[in-house]
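If you want the building blocks of each chain, they are given just below.
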Amino acid sequence: MSYGSGTEVDQRRPALTITPEFKADSLRRYAELRAQGPVHRVRFGSGLEAWVVVSYEEARIALTHPALLKDSTPAEKALAAVGFIMNKPGVGLGGNMLESDPPTHTRLRRLVAGAFSPRRIQQLGPRIQQITDDLLDAMAPQGEVDLVEAFTGPLPITVICELLGVPEGPERRDFRSWTSATLGRLSDEQRAAALKLNQYLAALIEHKRSEPGDDLLSALIAVQNQEDGQLTQAELLGTAVLLVVAGHDTTVNLLANTMIGLFRQPEQADLLRGRPELMATAVEEFLRYDSSVELSTNRYVAEDLELGGRQIRRGDVVAVALGSASRDAPQQNGGEPDVIDVERAAARHIAFGHGIHHCLGAPLARLEAFIAIGSLLRRFPDLRPAADLPGLSWTPTGMMRGPLSLPVRFT
Ligand code: HEM
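Looking at an unreviewed UniProt entry, the chain carries the name Cytochrome P450, with the source organism given as Micromonospora musae.

Written out as structure tokens, the structure is:
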């Protein structure tokens, strides 16, 4: 059946299931879907059926549409049928700005926004450079490492832990596995990990109440202590969990995906080594080319609407394929969307989302990528893959896209 034809019942039948095989080759598979139309009915691995928006213009419309909300009430039946637990503080990502609509969203975002202003983030530059250099120093004598394990993994978690005020200790290492807990249906293992992360951060908040430090968590506690009750305990914890989860795997995978892209186009890496002044625009190109958040979080349909020629009903679930949409802005980006071109003038993309939930951590993510990729290329001029790139294993489920490991060699 071709796009847009058939009865509404036909249209609502999922055209495909998002399997690990799909995810391993997702950008090419999404390009095939884009060629057929901007909005598709899919079944996720969890069993949930949703509309997925794959094109740039429709993605921007969806992410600002007044009837596409975070309030999951109209979709409760569909969610319960596949075992989703939504908006429950203490499990997964409950009680935070990303899962809220205005006015709660506005209030929660405003409380943290100051800490993520471009000026505040720029001040973190020297410390991020130091953490980067320490990790590269530790890699140097080894000659061959898993780049995810040795570098792209530890860098973002160290940065976010320092920002929040999570002390150094064995827990920082555990954060990596704890943060794998994501939205939606959790496996028993993920649920246990999410609970551990919640418990750890709840205990840390209690500790910081009596011994505040110069960190974001202490600043949020200070806001909570103000008498106008701007932040409940559940919201404080939800915000801390969100910052750890949203600030971590996202950046890990952007760095890893970027290095894979540069391994495929080594002339682009050489260009950057020779002309480091291109790095700021190169980071936008990396975000456009293969960022980490493949799918947005879900939106729930509050009123019937039409999008990309599809009839979308109240209670439906909509997600945006951000990576796909970013490859679909050729008119703005001068063509050839499937290659990295670090000289592309300010690439347009939607890697950080769009509208009120546009990534709060974008200035931090950009700065980390700028420092990490630049330092890695300078420090190891002959950095190369130590495994067959098409043979890499990719995140098999969920909204993220990235390699599980990335063996590299260097002298
Ligand atoms: C939201 C992407 C790094 C904090 C988002 C959204 C995207 C995104 C796509 C919107 C999701 C949606 O609308 O469903 C990314 C990418 C990153 C990154 C690609 C790295 C390459 C970070 C970092 C932080 C962060 C480092 C900070 C610690 C947040 C927060 C939100 C968010 C708090 C929720 C904003 C809101 O609901 O108003 N991010 N992110 N992100 N991100 Fe990021």
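Here the narrative resumes.
**Q** Explain the pairing of strand 2 (residues 39-43) to me, please; I cannot follow it from the model alone.
**A** Every other side chain in a regular strand lies on the same face of the sheet, so the side chains alternate between the two faces. The pairing of strand 1 (residues 16-17) with strand 2 spans two bridges and is parallel. The partner of L16 across the bridge, within strand 2, is V42. As judged from the five bridges shared by strand 2 and strand 3 (residues 49-53), these two strands associate in the antiparallel manner. When the bridges of strand 3 are listed, V39 appears paired with V53. What sits between strand 2 and strand 3 in their antiparallel hairpin is a turn of five residues, with G47 showing a positive phi close to 100°.

**Q** Quick question: what am I supposed to make of the site of the ligand here?
**A** Among the 27 residues in the neighbourhood of the ligand, the closest are listed as G247, T250, G353, C359 and G361. Every element with two or more residues in the shell around the ligand is listed here: helix 14 (233-246), helix 15 (249-264) and helix 20 (362-379). Of the residues contributing to the shell around the ligand, the split by class is 16 nonpolar, ten polar and one charged.

**Q** Before we go on, may I ask you to explain the confidence of the model for the chain in this structure?
**A** Should pLDDT be low for a region, the predicted coordinates there are not to be read in detail. Residues at a pLDDT of 70 or more form 93% of the chain, whose mean pLDDT is 90. Scored below 50 in pLDDT, residues 89-93 shows 21 contacts in the model against residues more than four places distant or in partner chains. The ipTM for the predicted assembly is 0.99, set against a pTM of 0.94.

Rules of the game
- Residues numbered from 1 in each chain as written.
- Predicted model: local features only at pLDDT ≥ 70, side-chain atom pairs only at ≥ 80, totals over all residues.
- Pairing = 2+ DSSP bridges.
- Helix = DSSP H or I, 4+ residues; strand = E, 2+ residues; numbered from the N terminus.
- Near = placed C-beta within 6 Å.
- Nonpolar A, V, L, I, M, F, W, Y, C, P; charged D, E, K, R; others polar.
- pLDDT = per-residue confidence, 0-100.
- Contact = placed C-beta atoms within 7 Å.

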